[in-house]
Amino acid sequence: MSSVAENIIQHATHNSTLHQLAKDQPSVGVTTAFSILDTLKSMSYLKIFATLICILLVWDQVAYQIKKGSIAGPKFKFWPIIGPFLESLDPKFEEYKAKWASGPLSCVSIFHKFVVIASTRDLARKILQSSKFVKPCVVDVAVKILRPCNWVFLDGKAHTDYRKSLNGLFTKQALAQYLPSLEQIMDKYMDKFVRLSKENNYEPQVFFHEMREILCALSLNSFCGNYITEDQVRKIADDYYLVTAALELVNFPIIIPYTKTWYGKKTADMAMKIFENCAQMAKDHIAAGGKPVCVMDAWCKLMHDAKNSNDDDSRIYHREFTNKEISEAVFTFLFASQDASSSLACWLFQIVADRPDVLAKIREEQLAVRNNDMSTELNLDLIEKMKYTNMVIKETLRYRPPVLMVPYVVKKNFPVSPNYTAPKGAMLIPTLYPALHDPEVYENPDEFIPERWVEGSKASEAKKNWLVFGCGPHVCLGQTYVMITFAALLGKFALYTDFHHTVTPLSEKIKVFATIFPKDDLLLTFKKRDPITGEVFE
Ligand code: HEM
């Protein structure tokens, strides 16, 4: 047999020290190596290729067993190398639930990625709070789309320090300043939803996309105020799904023209360019003595005021944040908020419409907090009085938490439990859903019961189970914003519109699309309603 393998081996061994050594002083190791080379010499290309494949397959299974240790998970990789890759392209909620039930720690391996899922409350909390061992896991292409210097890629102290400068933009006091412009958007969209229903003869129609649009408009308005035009809002709202698609967990890491990632990057660049211009306008407005009415204004005001003060809080703003930096941060706010907030909006409207008793109580409370005076504008005091409305939002977040799991990556071997150490490089995923459906804290966890949140109740005291917004150094920056905006939104829609949901067999089924949505995409109709008399207009 004359093969290229033979040639290579001959070349490699010709005059080699190995040959010499084998002849001069034959030791066991050298003889073995030499006999392997002899075996290879006699093999064809095909045989070598087949042998390499076998070695790879065995290594794939052995590496899986070593990393898996004693935790739950398939006994071996049923699909060699790829693992359950195909299933991961179309994730099913029921499959996730089965995985969480399989053990406190369970695993899967997809290609070279080893994934560990933690399903108990305490393990989830431990992971979220262990920034020494883990950091948030981002898909490779995110660095290109969100740009490498974006603050979201900071870790440890650098992240904590930057985060301090952002916290001030989402305090209750700061949020109170954004409410008037948010109210205008809500009024506009109430009219739009009623108009759309009227145009459709009040027949039920899919409102999934409308919910995404109103949330995008609300977010952009609170971030950029009036510096962003209606056309720009519409353009970003229309194209934003391209960013979600580009940042899916399974995506090609290189940006090739006309692919999902390319469109995603184009959209992100377009949005960030708009935000950069808005940041300059905010700087000019504050420099001219203007009042802050949006996140960008609030940021510029903090920088402006810091010039004359030297306390710890102000020192964070002693440096000038550039327009580019502000635009990149604002883009991450949009990115973090859009899917989760749209998910909450869909479930909230569905759940409330399906429960007329809940809707009636919300309406009663909304009238009471306004003393039946419909000229009352939204403000923080008003929202803080909306106790029942707030309980409905909390229960929706518990019952259908938008974020089921938060992927982290292990920076160094991490002893997650006394019996298991997650290996460096593994993806470690704390889950939020099981803690929020823990029957010991939430009786009948699969029932929607807003009253479980009354002050002093078991649920309201179980702070450790409240993982809707994560916990630890990366806890959601927008959580207060979410509670305030949604109380305002639900209250206004309950008063001024009569909304109905058409229940289908898929309404209560969960579709996983970055976050979670009703599987039938939410069939609604809206009619105009008199807030005082309750009269409904066609
Ligand atoms: C219902 C709506 C929302 C839900 C359920 C939600 C949930 C979460 C969760 C689970 C995390 C990860 C926390 C962790 O790793 O411990 C997170 C992070 C984050 N969220 Fe939200 N979020 C929502 C809306 C928003 C909004 C409106 C904003 C915008 C201001 C926002 C901004 C952020 C940011 C910036 C982070 C990353 C924080 C960091 O890395 O320091 N979120 N959110």
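Cut-offs applied
- Residues numbered from 1 in each chain as written.
- Predicted model: local features only at pLDDT ≥ 70, side-chain atom pairs only at ≥ 80, totals over all residues.
- Heavy atoms only, no water.
- Domains from an automatic or database assignment.
- Contact = heavy atoms within 4.5 Å.
- Buried area = accessible area lost by both parts, 1.4 Å probe.
- Salt bridge = Lys/Arg side-chain N within 4 Å of Asp/Glu carboxyl O.
- Polar contact = N/O pair within 3.5 Å; in protein donor to acceptor, adjacent residues only side chain to side chain.
- Helix = DSSP H or I, 4+ residues; strand = E, 2+ residues; numbered from the N terminus.
- Donors = N, O, S within 2.8 Å, 3.2 Å for Na, K, Ca; no water.
- Near = heavy atom within 4 Å.
- Nonpolar A, V, L, I, M, F, W, Y, C, P; charged D, E, K, R; others polar.
- UniProt positions renumbered as here; feature names shortened; annotations may be inferred.
- Buried < 20%, exposed > 50% of the residue type's maximum accessible area, 1.4 Å probe, protein only.
- Pairing = 2+ DSSP bridges.

### What about the domain arrangement of the protein?
Part 1: Splitting the protein by domain gives domain 1 (50–110) and domain 2 (139–535).
Part 2: Placing a centre on the C-alpha atoms of domain 1 and another on those of domain 2 gives a separation of 34 Å.
Part 3: Facing 14 residues of domain 1, the contacting portion of domain 2 comprises 13 residues.
Part 4: Carbon and sulfur atoms supply 76% of the area buried between domain 1 and domain 2, which totals about 1200 Å² over both sides.
Part 5: Its largest share of buried area at the contact with domain 2, domain 1 owes to F93, W100 and L105, together 46% of the area lost on that side.
Part 6: The interface formed by domain 1 and domain 2 holds zero salt bridges in total.
Part 7: Counting across the interface, domain 1 meets domain 2 through one residue pair in polar contact (both at pLDDT 80 or more).
Part 8: Of all the secondary-structure elements, those providing two or more residues to the side of domain 1 that touches domain 2 are α4 (45–68), α5 (85–89) and α6 (93–101).
Part 9: Of all the elements, α6 adds the most residues to the side of domain 1 that touches domain 2, at four residues.

### Quick notes on the pattern of salt bridges
Part 1: By the definition in use, this model includes 28 salt bridges.
Part 2: Salt-bridge contacts for R147 lead to D269; the nearest nitrogen and oxygen are separated by 3.5 Å. A residue pair is termed long-range when its members are at least 10 positions apart, and R147 in the loop between α8 (142–146) and α9 (156–167) and D269 in helix α13 (residues 260–287) qualify at 122 residues.
Part 3: For E230, the salt bridge goes to R234, with nearest N and O atoms at 3.9 Å. Here the residue E230 and the residue R234 both occupy positions in helix α12 (residues 230–246), the gap between them amounting to four residues, near one helical turn.

### Brief notes about the coordination of the iron atom of the ligand
Part 1: Of all protein atoms, C476 (SG) alone acts as a donor to the iron atom of the ligand, lying 2.3 Å away.
Part 2: Mapped onto the elements, C476 comes out in the loop between α21 (458–461) and α22 (479–496).

### So, the site of the ligand
Part 1: In the region of the ligand, 28 residues are neighbours, and H159, R163, Y408, H474 and C476 sit closest.
Part 2: Take Y408: an N or O atom from its side chain is 2.7 Å from an oxygen atom of the ligand.
Part 3: Here C471 contributes a backbone N or O atom positioned 3.2 Å from an oxygen atom of the ligand.
Part 4: At the level of elements, α9, α16 (323–354) and α22 are the ones that each hand at least two residues to the shell around the ligand.
Part 5: No other element matches the six residues that α16 contributes to the shell around the ligand.
Part 6: In the shell around the ligand, the residues fall into 21 nonpolar, six polar and one charged.

### Observations regarding the UniProt feature "binding site: heme" in the protein
Part 1: Those residues carrying the UniProt feature "binding site: heme" are C476 in this numbering.
Part 2: When near neighbours in sequence (up to four residues on either side) are disregarded, C476 contacts R163 and F469.

### Points about the pairing of strand β10 (residues 510–513)
Part 1: Residues I510 and V512 line the buried face of β10, whereas the alternating positions K511 and F513 sit on a face that is not buried.
Part 2: Inspection of the sheet shows β10 paired to strand β11 (residues 515–518) by four bridges, in the antiparallel sense. Note that in β11 the partner of K511 across the bridge is F517.
Part 3: Linkage of β10 to β11, two consecutive antiparallel strands, is achieved through a turn of one residue, within which A514 is found at a positive phi near 65 degrees.

### Some thoughts on the environment of K458
Part 1: Mapped onto the elements of the fold, K458 is located in helix α21.
Part 2: Distance in space between the C-alpha atoms of K458 and F76 is 42 Å, their sequence separation being 382 residues.
Part 3: Among all residues touching K458, those that are not within four sequence positions of it are E440 and V441.
Part 4: Within the local environment of K458, its side chain forms a polar contact with the backbone oxygen of E440, the two atoms lying 2.8 Å apart.

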